[in-house]
Amino acid sequence: MKRFTYIFILLYTFILTLGVVNSFNESYFNRLQFLPVEFKYQTEKDSLVLNLYLKENDLTENDAMKRLLHLAKENNLEVMVTLEHKDILGRSVKSTYIYSDKFKLNNIAYLEKEIDINFSDEKEKRYISSDPLDEKKIGGIRFLSSKYTRGKEYPVLRFLPMHSFEENNDASVNFFAPTIVYDKEEVTKNDLIEKIQEEYPFLNPMEIYESEQFSEDMEVETASLTDYLPSIMLLIILLTATSHVNGSIKEISIRKLQGNSSKNIFMRIMKSYILFIVLYYIIGTVFSYFILGGEFSSISLNIIRPVIGNMGNFILILIIFMMLTYGYIYYIGNFVSLKRSKSQMTTVYMNLLLKMILIILILAPLAQEMQSGADALLRVYHYTKASEDYEGKYMVNLVTSLDFYVDPEDDRQSDFQKLLFNEFVLNSEGFYADFSSAYWPPQAVEGFLAGGLEAPYPSVSADYNYLRKYKIRDEEGKEIDLSRIKENTVFIPMNLKDLKHQTYNQITHSVPNVMYVSFDKPFLNPDVGSSSLFIEDPVVNYMVEYVKGVHVTYTNALYSSQTKLQNILDQSAFKDFYQTEAYEPIYAFYLNGYWETFMESTFSLLIFSLIPLIFLYQSLSFHLSETKKEIALKYSMGSSFIKRYREIILLHLLPYGVLIFAVVTSLKMPKAIGVQMILYYIVLDLMFMMIILRKFERKSVAEILKGE
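Residue positions are counted from 1 within each chain, in the order its sequence is given. Under the rules for a predicted model, residues below a pLDDT of 70 receive no local features and side-chain atom pairs below 80 are neither given nor counted, while totals for whole chains, interfaces and linings still include all residues. Think of the side-chain values as coming from all heavy atoms in the structure, minus any hydrogens and water.

### Describing the UniProt feature "transmembrane region" (unreviewed entry) in the chain
Stated formally: UniProt positions are given in the numbering used here, feature names are shortened, and annotations may be inferred rather than shown by experiment. To qualify as a helix, a DSSP run of H or I must reach at least 4 residues; to qualify as a strand, a run of E must reach at least 2; elements of each kind are numbered from the N terminus.
Within the UniProt annotation, "transmembrane region" (unreviewed entry) is assigned to residues 270-292, 312-336, 348-367, 603-624, 645-667 and 673-693. In this annotation, residues 270-292 is assigned 100% helix and 0% strand; the end-to-end C-alpha distance for the span is 32 Å. Within residues 603-624, the helical portion is 100% and the strand portion 0%, while the C-alpha atoms at the span's ends are 31 Å from each other.

### Some details on the packing of aromatic side chains
For clarity, the cut-off: Planes of paired rings set the category: under 30 degrees apart is stacked, over 60 is edge-to-face and the rest tilted, where pairs are Phe, Tyr or Trp rings (Trp by its six-membered ring) whose centres lie within 6.5 Å. Counting as a charge over the ring demands two things of the Lys NZ or Arg CZ atom: a distance within 6 Å of the ring centre and an angle within 35 degrees of the ring normal.
Considering all chains together, one arrives at 35 aromatic pairs under this definition. Here Phe-29 and Phe-143 contribute two aromatic rings whose centre-to-centre distance is 6.0 Å and whose plane-to-plane angle is 50°, an arrangement assigned as tilted. With Phe-29 in helix H1 (residues 2-33) and Phe-143 in the loop between strand E5 (128-129) and strand E6 (156-161), the pair connects residues that are 114 residues apart, well separated along the chain. Here Tyr-617 and Phe-688 contribute two aromatic rings whose centre-to-centre distance is 6.5 Å and whose plane-to-plane angle is 55°, an arrangement assigned as tilted. Of this pair, Tyr-617 sits in helix H16 (residues 584-636) while Phe-688 sits in helix H18 (residues 671-705), placing them 71 residues apart in sequence. The cationic tip of Lys-497 hangs over the ring face of Tyr-516; the distance from NZ or CZ to the ring centre is 6.0 Å. Cation over ring: Arg-694 sits above Phe-641, and NZ or CZ is 4.1 Å from the ring centre.

### So, the sheet that holds strand E9 (residues 208-210)
Rules: Two strands qualify as a pair provided that DSSP identifies no fewer than 2 bridges between them. The contact criterion used is simple: two residues touch if any of their non-hydrogen atoms lie within 4.5 Å. The axes are straight lines fitted to the C-alpha atoms, using for helices just the contacting stretch, and the angles between their N-to-C directions are given from 0 to 180°.
Across the sheet, which stays open at both edges, the 7 strands sit in the order E5-E6-E4-E3-E8-E1-E9 with mixed pairing between neighbours. A single partner strand is all that each edge strand has here, and the edge strands are E5 and E9. Note: strand E4 (residues 92-99) against E6, 6 bridges, orientation parallel. Looking at E6, one finds that Lys-94 is bridged to Leu-157. Sheet contacts for helix H5 (residues 189-199): strand E1 (46-50), strand E8 (179-182) and E9; angle to E1, the most-contacted strand, approximately 30°.

### Things to note about the pattern of salt bridges
Two side chains with opposite charge may pair up if their charged atoms get near one another. So the rule is basically this: One speaks of a salt bridge when a side-chain nitrogen belonging to Lys or Arg is within 4 Å of a carboxyl oxygen belonging to Asp or Glu. Exposure classes here rest on a 1.4 Å probe applied to the protein chains alone. A residue is buried below 20% of its type maximum, exposed above 50%, and partly exposed in between.
Going through the model one piece at a time under the given rule, you end up with 19 salt bridges. Of the charged contacts, one joins Glu-596 and Arg-150 as a salt bridge, the two residues approaching to 2.7 Å between their closest N and O atoms. With a gap of 446 residues between them, Glu-596 in helix H16 and Arg-150 in the loop between E5 and E6 connect regions that are remote in the sequence. Assessed through its relative accessible area of 31%, Glu-596 is described here as partly exposed. For Arg-150, a relative accessible area of 7% corresponds to the buried category. Note that Glu-388 is salt-bridged to Lys-469, the shortest N-O span being 3.7 Å.

### Digging into the nonpolar core
Inclusion rule: Note on terminology: a nonpolar core comprises buried Ala, Val, Leu, Ile, Met, Phe, Trp, Tyr and Cys residues joined through side-chain atoms within 4.5 Å.
Ranked by size, the top nonpolar core spans 41 residues in total, and within it Tyr-466, Phe-491, Phe-523, Val-528 and Tyr-583 carry the most contacts. Counting residues per element, the ones that place at least two in this core are helix H10 (341-385), strand E11 (430-434), strand E12 (459-462), helix H13 (464-467), strand E15 (513-519), strand E16 (523-524), strand E18 (539-542) and H16. Ranked by the residues each element gives to this core, the list is headed by H16, at 7 residues. The residues contacting Tyr-466, other than those within four sequence positions of it, are Phe-431, Tyr-432, Ala-433, Phe-435, Phe-523, Leu-524 and Pro-526. With 33 residues, the next largest nonpolar core counts Val-21, Leu-144, Tyr-154 and Val-181 among its residues.

### Concerning unusual backbone geometry
Here Asn-76, not a glycine, exhibits a phi torsion of approximately 55°, which is positive. The backbone of Asp-537 shows a phi angle near 50°, a positive value even though the residue is not glycine. The topology assignment puts Asp-537 in the loop between strand E17 (534-535) and E18. On the basis of relative accessible area, Asp-537 is assigned to the partly exposed category, the value being 30%.

### Describing H5
Threshold: What the arc measures is the spread of directions leading from the helix axis to the C-beta atoms.
Of the positions making up H5, those classed as buried are Leu-192, Ile-193, Ile-196 and Glu-199. An end-on view of H5 places all buried positions within 120° of arc, on one side of the element. Exposed residues on H5 whose side chains face more than 90 degrees from its buried face are Asn-190 and Glu-198. Packing partners of the buried residues in H5 comprise E1, helix H3 (61-75), E8 and E9.

### Side note on the environment of Leu-358
Relative to the assigned elements, Leu-358 resides in helix H10. The class for Leu-358 is buried, based on a relative accessible area of 2%.

### Here we look at the environment of Asp-434
Here is the rule we go by: For the purposes of these results, a polar contact is taken to be a pair of N or O atoms within 3.5 Å, where, inside protein, one atom must be able to donate a hydrogen and its partner to accept one; residues adjacent in sequence count only when each atom of the pair is a side-chain atom.
Secondary-structure assignment places Asp-434 in strand E11. Looking at Asp-434, the relative accessible area reads 11%, which means it is buried. For Asp-434 and Val-460, which are 26 residues apart along the polypeptide, the C-alpha to C-alpha distance reads 5.7 Å. The residues touching Asp-434, leaving out its near neighbours within four places in the chain, are Val-460, Ser-461 and Asn-556. Separated by 2.7 Å, the side chains of Asp-434 and Ser-436 make a polar contact.

### Some points on the pairing of E1
Within a regular strand, side chains alternate between the sheet's two faces. Extensive coverage of E1 is indicated by the burial of 4 of its 5 residues. Judged from the 3 bridges that link them, E1 and E9 form a sheet pairing that is antiparallel. Bridge pairing in E9 links Leu-48 to Glu-210.

### Quick word on the confidence of the model for the chain
Worth spelling out the cut-off: Each residue gets a pLDDT score, which is the predictor's confidence in that residue and runs from 0 to 100.
Across the chain, the average pLDDT comes to 80, with 84% of residues at 70 or higher. Segment residues 335-340: pLDDT under 50, and 12 contacts once partners within four positions in sequence are set aside and those in other chains are kept. Here residues 401-406 scores under 50 on pLDDT; set against residues more than four positions off or in separate chains, the count is 9 contacts.

### What about a positive patch on the surface?
Note the threshold: Each patch is built from residues that are more than 30% exposed by relative accessible area and take part in no salt bridge. Like charges join if they lie within 9 Å; nonpolar side chains (Val, Leu, Ile, Met, Phe, Trp, Tyr) join within 5 Å. Here, Shrake-Rupley sampling with a 1.4 Å probe gives the accessible areas, and only protein chains in the shown set may cover a residue. Only four residue types enter the charge count, namely Lys and Arg as positive and Asp and Glu as negative; His and the chain termini do not. Charge positions come from single atoms, namely NZ of Lys, CZ of Arg, CG of Asp or CD of Glu.
Where like charges cluster on the molecular surface, the positive patch consists of Arg-3, Lys-695, Arg-698 and Lys-699. Looking at the positive patch, the element that brings in the most residues is H18, giving 3 residues. By secondary structure assignment, the location of Arg-698 is in helix H18. Residue Arg-698 is classed as exposed on the basis of its relative accessible area of 62%.

### Observations concerning the packing of H3 against H5
Under the convention used in this document: Each crossing gets its hand from how the near helix is turned against the far one by less than a right angle, where anticlockwise is left-handed and clockwise is right-handed. Polar here means any residue outside two lists: the nonpolar Ala, Val, Leu, Ile, Met, Phe, Trp, Tyr, Cys and Pro, and the charged Asp, Glu, Lys and Arg; Gly therefore counts as polar.
Two elements in contact, H3 and H5, have axes whose closest approach is 10 Å; the angle formed by their N-to-C orientations is 140°. Like other packed secondary-structure pairs, H3 and H5 cross with a definite hand, here right-handed. Taking contact as the criterion, the partners of Arg-67, His-70, Leu-71 and Asn-75 in H3 are, on H5, Lys-195, Ile-196 and Glu-199. Across the contact of H3 with H5, the residue classes tally to 2 nonpolar, 2 polar and 3 charged.

As structure tokens, then:
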């Protein structure tokens, strides 16, 4: 059993180091996203938070920010305000605007390159971002995992001088909550509140408060597979080490009867074993550090101290284990003698119990991890298959919001979008697909129902270039030739024919051509970063001509020619508000993220498949050693394979019956997924048992029958 102990040691060190890295990443990211609170702690100053509602007080974001700047400059204050918005890729972006002559970002964040930004300089427009797709930033922020920069699981972070707000703001908000940090030796709290109210006369004193009540947000903890695994793995290591002693039980008993002391026996059996445990622990820790933390750098050094602390804890536990092992050897020598049946079967039952506890603990988080991995793999497959739709394509982005500059009734904006539609979409130089109404979150549906309205039915708008890959059949089952349709048409699923629904009724009101159809397969969301991959049986608005106010071509289309696209933008009245951007880097960014998610899930599955199999091998070895004579006798009498091993197989599958009962009655996870995971483990165990049992028969049974 030695080799299994060493394997477990390597797994233990990796999981332990992974837990340290995850813990650091979470605390590090929380310090950055709650920067105002972190800055207050570092400066040991006092702070106030304001609740600023803009529209109710006829304020724009720019006005509110200018007043904050004026307040900060006049009173020697430091101000931070964080705004959050969704970018055009659907990612969450947190932008923290800072005014301070003392604040240094590199004192809190680990930057890709040393950059010093003066957050009080009016001419300073540069900023730092964790977004790998942001070409305007002058520097990035380092993390030990790329998931903190994707903008999906965690928001993308930007840190900008407050003077650059007008140039860099992409958020449209009605609420500000700036944090004002002040030195109470320079200005009292009451005096500061008076100055704030001079700047914002409409502000109620109740909306000015100290920020301590929000400090607990920085202590957010997330549960993961690594939270409890080190303890479990350590228990497994102790069990396998005990199995090593059990494997030498006959030698221990004989040497004890020959007069050897327990100390000498312990040194002979355990000395090299323990030295190799320590060696493998050091090797596993070093390799885990370089795999997870990279080379020696300022950020990766954050995991060295806790890793060393864990090493000290492991040595302490190893000393305790040595003491217990010595007592165990003493017990064997005096009371067990040459009988080891009880010890071996006790080890078998302990293996089964620990294996069952382990699977119960990991089942729910592992199932969630597998769902994420399966979803990521599906996305990689389908978007790779559709790669030609994204190669050499460009998109149009808003540089800033048009709402503050353009009259909504201005026909020039519609003319511009119509030109994009006619020049590109109708000439097959790109494609148009609007999925903005394809998914309605539960909160939105509840809002419609609460207002006495019918929840909208999912719908999409698309052109020929997108729909040509799908077969659409009419009521008679004949495939529709989309190229022959010359006017905008609404395709309504057959299952809605006898129903009235407000969404497609609104569409048919403006588009008289309606057909009831069936689709051969779900529609793939063209947005690679969308949270939803497919939409099944939506109402489809097939567009062959532009409709004012319906088709927002600058957010829902990809174009083939950047030169032609830029020429159209330059000729429009809004050339200063739009910019072209290549979609391929965005496409590659998300596909790489999906691959990483899939590989992480696959690694978790491999680890948590290997551990139960090692349990199984260990318990089978002891069980077969105990019953090998009985099995050999059945073999010589011609009993079938199932009859020879029925009791062993049933005993080792028994815990799964308990697990299925726990999934159905107790565990907080989808029952279907839980049962599927248990069936996976059952099949895995059966396959592994067949291999072990066949190998046992080829080698051991023949030796027993020969009397060896």
